[in-house]
Amino acid sequence: MDAELERALKQLREQASTHVGRWSSRTPIRTALYHLSRGRIDKRPRYTLGELPRLNSPWQDTDSGRYFRWRCRQANLHGDEAFVVEYIVCPHCAIGWVDRPYTDERYQRHGLAAAGFRALRAEHPKVRAWYAASGHMPDSKAFWAAVGAGIPGGYASQELCLHVAHDGGLLPGWAVKRPSRR
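Computed from a predicted model, the values in this text were never measured in an experiment. (Residues numbered from 1 in each chain as written. Predicted model: local features only at pLDDT ≥ 70, side-chain atom pairs only at ≥ 80, totals over all residues. Heavy atoms only, no water.)

Caption draft 1: A look at the overall build of the protein. When its secondary structure is counted, the protein shows five helices and seven strands. When burial is assessed residue by residue, the protein has 40% of its 182 residues classed as buried. Contacts spanning at least 24 positions in sequence make up 57% of the contacts within the protein whose residues lie at least 6 apart. Accessible surface computed for the protein: about 10,900 Å², of which carbon and sulfur atoms make up 53%. (Helix = DSSP H or I, 4+ residues; strand = E, 2+ residues; numbered from the N terminus. Buried < 20%, exposed > 50% of the residue type's maximum accessible area, 1.4 Å probe, protein only. Contact = heavy atoms within 4.5 Å. Areas by Shrake-Rupley, 256 points an atom, 1.4 Å probe, with all protein chains shown as cover.)

Structure follows, in structure tokens:
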């Protein structure tokens, strides 16, 4: 790896908590309509990862494009997506989950994931434990051991709490409690 790329990666790691652009498509009216109708009226915009905006910042924090209330933390290097992870924090349980971390092959093993996770933990100091929302792939055990060392929860695979599973749109329809009609 050339020295220029190494310097750019070092700078990107250092900017993980200080140079973060933020964007949200959530509007108070759409969110209120969703909550008041208990999810029956859902007029929230649905973006895919490819449709999310590319902000003019080294790191960006946007809607996830998959689930309601989930966020997507992304590192950009030379106009390319270098690292991305989706995350959510439950304010009721004080637990955070990360899901689907991905680092471009050119930038793997250079600390981008560790810097991104460290920045998320710093932004949410009241979170008492961090977990991975989906199961770990067999070949990723070393990665999760490295980024989870010394972290409460250690990014172990853990099911979502009911607050996040219901509000984040992850529970099947039959598992969502509906008010009884009497």
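Caption draft 2: Molecular detail of the packing of aromatic side chains. One pass over the full model with this rule turns up eight aromatic pairs. Consider the rings of Phe143 and Trp144, whose centres lie 5.0 Å apart with planes at 75°: the pair is edge-to-face. Among the residues examined, Phe143 registers a relative accessible area of 29% and is labelled partly exposed. Given a relative accessible area of 9%, Trp144 falls into the buried group. Chaining the aromatic ring pairs together yields one cluster made of Trp59, Phe83, Phe117, Trp130, Phe143, Trp144 and Tyr155. (Phe/Tyr/Trp six-rings, centres within 6.5 Å; stacked < 30°, edge-to-face > 60°.)

Caption draft 3: Summary view of the packing of helix H3 (residues 112-123) against helix H4 (residues 141-148). Between H3 and H4, the least distance of the axes is 10 Å, while the angle of their chain directions is 40°. Comparing their axes, H4 and H3 come out oblique. Here H3 runs over H4; the crossing is right-handed. Packed against H3, whose contacting residues are Ala113, Ala114, Phe117 and Arg121, the element H4 presents Phe143, Trp144 and Val147 at the interface. The residue inventory of the contact of H3 with H4, partitioned by class, reads six nonpolar, no polar and one charged. (Axes fitted to C-alpha atoms, helices over the stretch in contact; angles between N-to-C directions. Parallel < 35°, antiparallel > 145°, perpendicular 65-115°, else oblique. Left-handed = near helix turned anticlockwise from the far one by under 90°. Nonpolar A, V, L, I, M, F, W, Y, C, P; charged D, E, K, R; others polar.)

Caption draft 4: Looking closely at the environment of Leu162. Looking at the secondary structure, you find Leu162 in helix H5 (residues 162-167). With 72 residues separating them in the primary sequence, Leu162 and Cys90 have C-alpha atoms 9.6 Å apart.

Caption draft 5: Structural context of the nonpolar core. With 28 residues, the main nonpolar core has Trp59, Phe83, Val98, Leu112, Phe117, Trp130 and Tyr155 as its most contacted residues. Considering every element that reaches this core, the biggest residue donor is H3, with six residues. Sequence-distant contacts of Trp59, that is, excluding residues within four places in its chain, are made with Leu12, Gln15, Ala16, His19, Val20, Gly21, Arg73, Gln74, Ala75, Phe83, Leu112 and Gly116. If you look at the next biggest cluster of nonpolar residues, it comprises 12 residues, including Ile88, Ile95, Ala129 and Cys161. (Core = buried A, V, L, I, M, F, W, Y, C linked by side-chain atoms within 4.5 Å.)

Caption draft 6: Quick look at the environment of Glu6. In this fold, Glu6 is placed in helix H1 (residues 3-14). Among the residues examined, Glu6 registers a relative accessible area of 33% and is labelled partly exposed. On a C-alpha basis, the gap between Glu6 and His110 in space is 8.6 Å, while along the polypeptide they are 104 residues apart.

Caption draft 7: Summary view of the pairing of strand E3 (residues 71-77). Among the seven residues of E3, seven are classified as buried, and the element is accordingly described as predominantly covered. Both faces of E3 are covered, namely the face carrying Arg71, Arg73, Ala75 and Leu77 and the face carrying Cys72, Gln74 and Asn76. As paired elements, strand E2 (residues 59-63) and E3 share five bridges and run antiparallel to each other. Each residue of the ladder has a partner; that of Asp61, found in E3, is Arg73. (Pairing = 2+ DSSP bridges.)

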